[in-house]
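# Breakdown of the fold
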2 protein chains.
Amino acid sequence: MGEQEKEASLPSKNNFSEWYNELLQIAKIMDVRYPVKGLYVWHPFGFTIRKKSYSIMRELLDRDHEETMFPLLIPEAEFMKEAQHIKGFEDEVYWVTHGGTSPLEVNLALRPTSETAIYPMYKLWVRSHADLPLRLYQIVNTFRYETKHTRPLIRLREITSFKEAHTVHATWDEAAWQVDEAIRIYTEFYRRLAIPILSSKRPEWDKFPGADYTIAVDSLMPDGRTLQVGTAHHLGDNFAKTFEITYEDSEGEQVYAHQTCYGVSERCLAALISTHGDDKGLVLPPEVAPVQVVIIPIIFKKPEEVLAACEKVAEELKDAGINVKTDDSDKRPGAKYYKWEMQGVPIRLEIGPRDLKNKAAMMARRDTGEKEQIPLEDIASTIKDTFADVHKNLYSQAEAQLREHIFLCEGLEEIKDKLAHGIVQTYWCGKEDCGKEMEDVIGAGILGIPGEQPDCKGKKCPLCGEEAANSIYIARTY
Amino acid sequence: MGEQEKEASLPSKNNFSEWYNELLQIAKIMDVRYPVKGLYVWHPFGFTIRKKSYSIMRELLDRDHEETMFPLLIPEAEFMKEAQHIKGFEDEVYWVTHGGTSPLEVNLALRPTSETAIYPMYKLWVRSHADLPLRLYQIVNTFRYETKHTRPLIRLREITSFKEAHTVHATWDEAAWQVDEAIRIYTEFYRRLAIPILSSKRPEWDKFPGADYTIAVDSLMPDGRTLQVGTAHHLGDNFAKTFEITYEDSEGEQVYAHQTCYGVSERCLAALISTHGDDKGLVLPPEVAPVQVVIIPIIFKKPEEVLAACEKVAEELKDAGINVKTDDSDKRPGAKYYKWEMQGVPIRLEIGPRDLKNKAAMMARRDTGEKEQIPLEDIASTIKDTFADVHKNLYSQAEAQLREHIFLCEGLEEIKDKLAHGIVQTYWCGKEDCGKEMEDVIGAGILGIPGEQPDCKGKKCPLCGEEAANSIYIARTY
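Note that this is a predicted model, so its numbers are computed, not measured.

### Here's the deal with the interface of chain B and chain A
Contacts between the two partners involve 58 residues from chain B and, on the opposite side, 58 residues from chain A. Counting each side, the surface lost to burial between chain B and chain A is near 4,900 Å², with a carbon and sulfur contribution of 66%. Linking chain B with chain A are 2 salt bridges. Joining chain B to chain A, the criterion identifies 20 residue pairs in polar contact (both at pLDDT 80 or more). Sorting elements by how many residues they give to the side of chain B that touches chain A places strand β5 (residues 94-99) of chain B first, with 6 residues. Relative to β5(B), strand β5 (residues 94-99) of chain A runs antiparallel, the two sharing 5 bridges. Paired with His98(A) across the bridge in β5(B) is Trp95(B).

Dropping the structure here:
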């Protein structure tokens, strides 16, 4: 697809916004030139990262969820059934009004999320206690008519990869357990992507429309802002009442079911790219790297011998299940390094005549830049051990970053000051008025109340000065 | 999901239409009760068959194609660029006209197919000869505002699984080769699903809007009608001219590229279900069966011993990569047989005390109904051999069916008569008037001209009596 990568150069990651936009294009993640605002095109390379990441999600969910697929189009009457839900989405919904050249009898919403598509079917499917718990998920495209500034993978009009799970339970408590379980699943998912996350209970005014409560997970972006990368909602029996989802309990009574839903979008990939990337381009955890090892033959003499050795190593790595590519193109080694570093290949092997004499290869790690000679013997297991180490290193680096960017503050001025650099943990009396005013005064959002609380004894709400009920996270958010 | 399967009973496959609709529901493929005509819900079981089938497609395409994803929404101006194309689709396109409560500035089409979404990007991506051939594909939801009778998997308003490939080549001949290659890929894909297909070149009036020509593949349905299960189109440089897709040739001239596109929808699953199923329910080739082996413990004495033996066999099969399920529920064996036969599980193993004494299990094949005692020793390899045999048997049965239902006829009356039972192969002078009149007179469609031609010497067009240019297939089509 063209030679344009030769001339492209990446801005420094310190200019995060520019770096991000350029990287998506240069590293062949997405093309932003599609002629509709907020819609983007996946390059095959980016799409492979997506596939690998969502395979991890499927692996984690398939343990006790089942995958399914519901229609994109939701009839207006179903969509309009749940009052809170409509209020939350009415400004953002795309409407299909015409089929061919004629107006439709019933307008159809493009799903912004699928509660109102799925729950009329749950009404038919859930009959008795034996049908519960019901845990389904789908990975689908969803749509939001975003009027704010759009940004690839982060704020889109077509979310092409929305993983949404919808569960039904007998009791409120079981649904609450499932919400916690969703957060555990997401924590594990992000651990596999080497991304540490913070989870917190969103304030009332920021919960999912129609939910009892919402727990969200956020990751830290390089500019100190946070990115909401997953949410889990306890729906109580609110939707069950609207959609008449009942089951027969052990006494033979029809009672309302309790529900949860939880979702992750391709924002997970925005976090992946942003957390690990550097001034040279992408840095990818080996598990999701489309190319895991690139072999560069160093040919100035004995070309056949070197190429044969490269081929042999490539075969050995392939047999061990490693995605490997040999770059025997005519480019200079430097140009090759540049290209594969840009694409985040975790390990580069250089093999030349001197290496062969030593029965060795030069291994360069993308994450640390370290170079080391490794023996050709048993090379696949050396590479796999290094993969594990790369993942561990990426995670601890990111975790250190996150820890260093959470500031425990008590006064408003200090809060404002620290918010320029990251996430603030402070205290809150718990009153909605106070929370909303705090957001206004400091110009940032309350993420929510973390599950693990420090000792709040004697701590005061920075706004009203009353005793703190909880600690909270505040951040500038995407 | 309920106990309703107990009461459900399947009509005979002789009443194909009823059988098909009931089977989709009883065997948990799709739920047809979604409140919009032509939109259906995948049950997890059906969705697993879909996933396994599309993995085969991915495996075949990934050899020299790359997977990608383009937006669903196409701006009106792009959609309206290619005159023939619009004419072919204008009655079938869903239009998004509103975002939130306001009208959009530009109406957006839900893709009925993606030429007009993809080719503006190809214009940007294709620069030089070195960028060619370009072979991308995507598996996406597409939409058709069908006014005809809709039917799950066959005629839908949301095609949830449209696999479409779009390729760009330097020359017309290379594109023609690619069209043939697409048909080879589809033939292999359907062979893996144990479905024999017929390929033929569609007549001019039935080609893809905007194409030079179209080759289609059709499968035979149990009622003698055919189902178009794949198409490949040579687009010439028609779209290249409209979307300005040019490349620099070796002389440094900008010349128009040549293109193809080819697609398969979830009709492949309609063919799968219809070809192999019987009066007891689904019959699935092992490769796409969600459950490949079901183990039924026969417990009237020594329950622990039997259950432990079943567990051991299950482990052994799992270790060999086989999807196995042990049904140790409280149901009678007969009810279990019924259930798993309905879901098309290729092999049932019954293990009871007597079998254990013989160090054996009773193996029942879904495809033939045959029962046979097999040794427990090395059971995984016995099962795998049987899988291969099941696949072979399903394919030859279907091939025999197809062969028996192609009738070589010459006179109009005979053609009409045989069309009630299957596909007619006859002759045609090649004139469009004659072809269209033939369709009118006999009330069936010309599928097209098969690639392999019998000797047409001395054969006459049944309508005008002039010398035949080609043999053709005619059929009642879905």
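Now that the structure has been shown, we can carry on.
### Some points on the confidence of the model for chain A
On average, residues of chain A score 95 in pLDDT, and 98% of them are at 70 or above. Across residues 1-5 of chain A, where pLDDT falls below 50, the model places 12 contacts with residues more than four positions away in sequence or in other chains.

### Regarding empty space enclosed by the protein
All told, the structure shown has 1 cavity of 30 Å³ or more when counted by the stated rule. In this structure, the largest cavity occupies an estimated 40 Å³ of space. In terms of lining, the largest cavity is formed by Met30(A), Gly38(A), Leu39(A), Tyr40(A), Leu156(A), Glu158(A), Thr160(A), Glu266(A) and Pro71(B). For the lining of the largest cavity, the class distribution of residues is 5 nonpolar, 2 polar and 2 charged.

### Some remarks on the relation of the copies chain B and chain A
Once turned by 180° and shifted 0.0 Å along the axis, chain B lies on chain A with an RMSD of 0.0 Å. Expressed as a symmetry operation, the mapping of one chain copy onto the other fits a two-fold axis. Relative to the rotation axis, the C-alpha of Val96(B) is the closest in chain B, positioned 2.1 Å from it. An overlap of 100% is found between the interface residues of chain B and their copies at the interface of chain A, pointing to a shared contact surface.

### Concerning unusual backbone geometry
Excluding glycine, residues mostly have negative phi values, and the peptide bonds linking residues are mostly trans. With omega at -10°, the peptide bond leading from Leu132(A) into Pro133(A) counts as cis. Within the secondary structure layout, Pro133(A) lies in the loop between α5 (115-125) and β7 (134-143). At Asp378(B), a residue that is not glycine, the phi angle is positive and equals roughly 60°. Within the fold, Asp378(B) resides in the loop between β19 (371-375) and α12 (379-404). For Asp378(B), a relative accessible area of 52% puts it in the exposed group.

### A short note on the nonpolar core
Soluble globular proteins tend to bury their nonpolar side chains together. Of all hydrophobic cores here, the largest spans 84 residues; its most connected members are Leu73(A), Leu110(A), Leu73(B) and Leu110(B). Beyond its immediate sequence surroundings of up to four residues, Leu110(B) is in contact with Leu73(A), Val96(A), Leu110(A), Leu72(B), Leu73(B), Val93(B), Tyr94(B), Val96(B) and Phe143(B).

### A short note on the domain arrangement of chain A
Residue and element names in this part refer to chain A. Domain boundaries assigned for chain A yield domain 1 (4-276), domain 2 (291-385) and domain 3 (406-475). Taking only C-alpha atoms into account, the centre of domain 1 sits 39 Å from that of domain 2. At the boundary of domain 1 with domain 2, total buried surface from both sides reaches about 600 Å², with 57% on carbon and sulfur atoms. Put simply, domain 1 and domain 2 have 0 salt bridges between them.

### Here's the deal with the packing of aromatic side chains
What the rule picks out here adds up to 36 aromatic pairs over all chains. On the basis of an interplanar angle of 70° and a centroid distance of 5.0 Å, the ring pair of Phe189(A) and Tyr190(A) is categorised as edge-to-face. An angle of 70° between the planes, with centres 5.4 Å apart, marks the rings of Tyr94(B) and Tyr145(B) as edge-to-face. Remark: Tyr145(B) occurs in the loop between β7 (134-143) and β8 (158-169) and Tyr94(B) occurs in strand β5; sequence separation between them is 51 residues.

### Considering a negative patch on the surface
Residue and element names in this part refer to chain A. Judged by side-chain charge, Glu-316, Asp-319, Glu-377 and Asp-378 come together as a negatively charged surface patch. With respect to the element layout, Glu-377 can be found in the loop between β19 (371-375) and α12 (379-404). The exposed category is assigned to Glu-377, whose relative accessible area is 69%.

### Observations concerning the sheet that holds strand β21 (residues 423-428) of chain A
Residue and element names in this part refer to chain A. Reading across the sheet, the 11 strands line up as β3-β7-β8-β14-β11-β10-β9-β22-β23-β21-β20 and stay open at both edges, with mixed pairing between neighbours. In this open sheet, the two strands that pair with only one neighbour each are β3 (66-67) and β20 (406-408). Relative to β21, β20 runs parallel, the two sharing 3 bridges. In the strand pairing of β21, Phe-407 is matched with Val-424.

### With respect to the packing of helix α2 (residues 44-61) of chain A against helix α8 (residues 267-276) of chain A
Residues and elements named next belong to chain A. With their axes 11 Å apart at the nearest point, α2 and α8 run at an angle of 110° to one another. Between α2 and α8, the angle is such that the two are roughly perpendicular. Here Ile-49, Arg-50, Ser-53 and Tyr-54 of α2 lie close against α8, whose contacting residues are Cys-268, Leu-269 and Leu-272. Classifying every residue of the contact of α2 with α8 by side-chain character gives 5 nonpolar, 1 polar and 1 charged.

### Re helix α6 (residues 172-192) of chain B
Residues and elements named next belong to chain B. Taking 1.5 Å as the rise per residue, α6 with 21 residues should run 30 Å; its terminal C-alpha atoms sit 30 Å apart, in good agreement. Within α6, the full set of buried residues consists of Ala-175, Ala-176, Gln-178, Val-179, Glu-181, Ala-182, Ile-183, Ile-185, Tyr-186, Phe-189, Tyr-190 and Arg-192. Once α6 finishes, Ala-194 follows within two positions and takes phi at roughly 60°, a positive value.

### What to know about the sheet that holds strand β17 (residues 347-351) of chain B
Residues and elements named next belong to chain B. Strands sit in the order β16-β15-β17-β18-β19 across an open sheet of 5 strands; the sheet is mixed. Strands with a single pairing partner mark the edges of an open sheet, and in this sheet they are β16 (324-326) and β19. Shown here is a sheet whose adjacent strand axes are inclined to one another by a mean of 25°, direction ignored. Sheet topology places strand β18 (residues 360-365) next to β19; 5 bridges connect them, and they run antiparallel. Paired with Ala-364 across the two strands is Lys-371, which belongs to β19. Each of β15 (293-297), β16 and β17 is contacted by helix α9 (residues 303-319), which is oriented at about 170° to β15, the strand it contacts most. Those strands touched by α12 are β15, β17, β18 and β19, and its axis lies near 15° from that of β18.

### Some thoughts on a positive patch on the surface
Residues and elements named next belong to chain A. A surface patch of like charges, here positive, comprises Lys-301, Lys-302, Arg-354 and Lys-357. For Arg-354, the location among the structural elements is in helix α11 (residues 353-357). Since its relative accessible area comes to 67%, Arg-354 is described here as exposed.

### Concerning the pattern of salt bridges
Residue and element names in this part refer to chain A. On inspection of all chains with the given rule, the structure shows 53 salt bridges over all chains. With a shortest N-O distance of 3.0 Å, Arg-202 and Asp-218 are connected by a salt bridge. You can see Arg-202 sitting in the loop between β9 (198-201) and β10 (213-220) and its partner Asp-218 sitting in strand β10, a full 16 residues away along the chain. The exposure class of Arg-202 is buried, given its relative accessible area of 7%. The salt bridge involving Glu-341 is made with Lys-280; its shortest N-O contact spans 3.9 Å. Taken together, the residues Glu-341 in helix α10 (residues 333-342) and Lys-280 in the loop between α8 and β15 (293-297) connect sequence positions 61 residues apart.

### Structural notes on the packing of α9(B) against α12(B)
All names here are of chain B. Contact geometry for α9 and α12: axes closest at 9 Å, N-to-C directions at 60°. Here α9 is positioned oblique relative to α12, judged by the angle of their axes. Every pair of crossing elements has a handedness; the one defined by α9 and α12 is right-handed. Between α9 and α12, the contacting residues are Val-313, Glu-316 and Leu-317 on the first element and Ile-379, Ala-380 and Ile-383 on the second.

### Looking at the UniProt feature "domain: Aminoacyl-transfer RNA synthetases class-II family profile" (unreviewed entry) in chain A
Mapped onto this structure's residue numbering, the UniProt feature "domain: Aminoacyl-transfer RNA synthetases class-II family profile" (unreviewed entry) falls at residues 56-285 of chain A. Secondary structure content for residues 56-285 of chain A is 28% helix and 34% strand, and the end C-alpha separation is 13 Å.

The rules behind the values
Note that residues are indexed from 1 along each chain, following the sequence as it is written. Each chain is given a letter, starting from A, and each ligand a number, starting from 1, according to the order in which they appear as written. Totals for whole chains, interfaces and linings use all residues, but because this is a predicted model, local features are given only for residues with pLDDT of at least 70 and pairs of side-chain atoms are given and counted only at 80 or more. Side-chain calculation: all heavy atoms of the structure are included, whereas hydrogens and water are not. It only takes one pair of heavy atoms within 4.5 Å for two residues to be counted as in contact. Here the buried area means the combined drop in accessible surface, using a 1.4 Å probe, for two parts upon being joined, counting both sides. The term salt bridge refers to a pairing of a side-chain nitrogen on Lys or Arg with a carboxyl oxygen on Asp or Glu at a separation within 4 Å. We call two N or O atoms a polar contact when they sit within 3.5 Å, provided that within protein one can donate a hydrogen and the other can accept it, with sequence-adjacent residues counted only if both atoms are side-chain atoms. Secondary structure is summarised from DSSP: a helix means a run of H or I of at least four residues, a strand means a run of E of at least two, and numbering begins at the N terminus for each. Note on pairing: two strands pair once DSSP finds at least 2 bridges between them. One confidence number per residue, pLDDT, is output by the predictor and ranges from 0 to 100. Points on a 1 Å grid, built from protein atoms alone, make a cavity when a 1.4 Å probe fits but cannot get out and make a pocket when they are open with protein on both sides within 12 Å along at least 5 of 7 lines; residues with an atom within 4 Å of a point are the lining residues. Grid points are joined across faces, edges and corners, and a volume is the space filled by probe spheres set on the points. Throughout this entry, Asp, Glu, Lys and Arg are counted as charged residues, while Ala, Val, Leu, Ile, Met, Phe, Trp, Tyr, Cys and Pro are counted as nonpolar. The remaining residues, Gly among them, count as polar. Copies overlap after least-squares fitting; the atoms used are the C-alpha atoms of residues with pLDDT of at least 70 in both. Residue burial is assigned from relative accessible area. The probe radius is 1.4 Å, only protein chains are included, and a residue is buried under 20% of its type maximum, exposed over 50%, and partly exposed in between. Side-chain atoms within 4.5 Å are what join buried Ala, Val, Leu, Ile, Met, Phe, Trp, Tyr and Cys residues into a set we call a nonpolar core. These domain boundaries are the output of an automatic or database domain assignment. Any two rings among Phe, Tyr and Trp, with Trp reduced to its six-membered ring, count as a pair given centres within 6.5 Å; such a pair is stacked if its planes are under 30 degrees apart, edge-to-face if over 60, and tilted if neither. Patch membership is restricted to residues that have no salt bridge and whose relative accessible area is over 30%. Joining uses 9 Å for like charges and 5 Å for the nonpolar side chains Val, Leu, Ile, Met, Phe, Trp and Tyr. Every accessible area reported is derived by Shrake-Rupley at a probe size of 1.4 Å, with residue values counting cover from the shown protein chains alone. We count Lys and Arg on the positive side and Asp and Glu on the negative side, and we leave His and both chain ends out. A charge is said to be at NZ when it belongs to Lys, at CZ for Arg, at CG for Asp and at CD for Glu. In this analysis an axis means a line fitted to C-alpha atoms, helices contributing only their contacting stretch, and an angle means the value between N-to-C directions, from 0 to 180 degrees. Note that the term roughly parallel is reserved for angles under 35 degrees, roughly antiparallel for angles over 145, roughly perpendicular for angles of 65 to 115, and oblique for everything else. For a helix, the expected span equals 1.5 Å multiplied by the number of residues minus one. Take the far helix as the reference: if the near one is turned anticlockwise from it by less than a right angle, the crossing is left-handed, and if turned clockwise, right-handed. UniProt positions are given in the numbering used here, feature names are shortened, and annotations may be inferred rather than shown by experiment.

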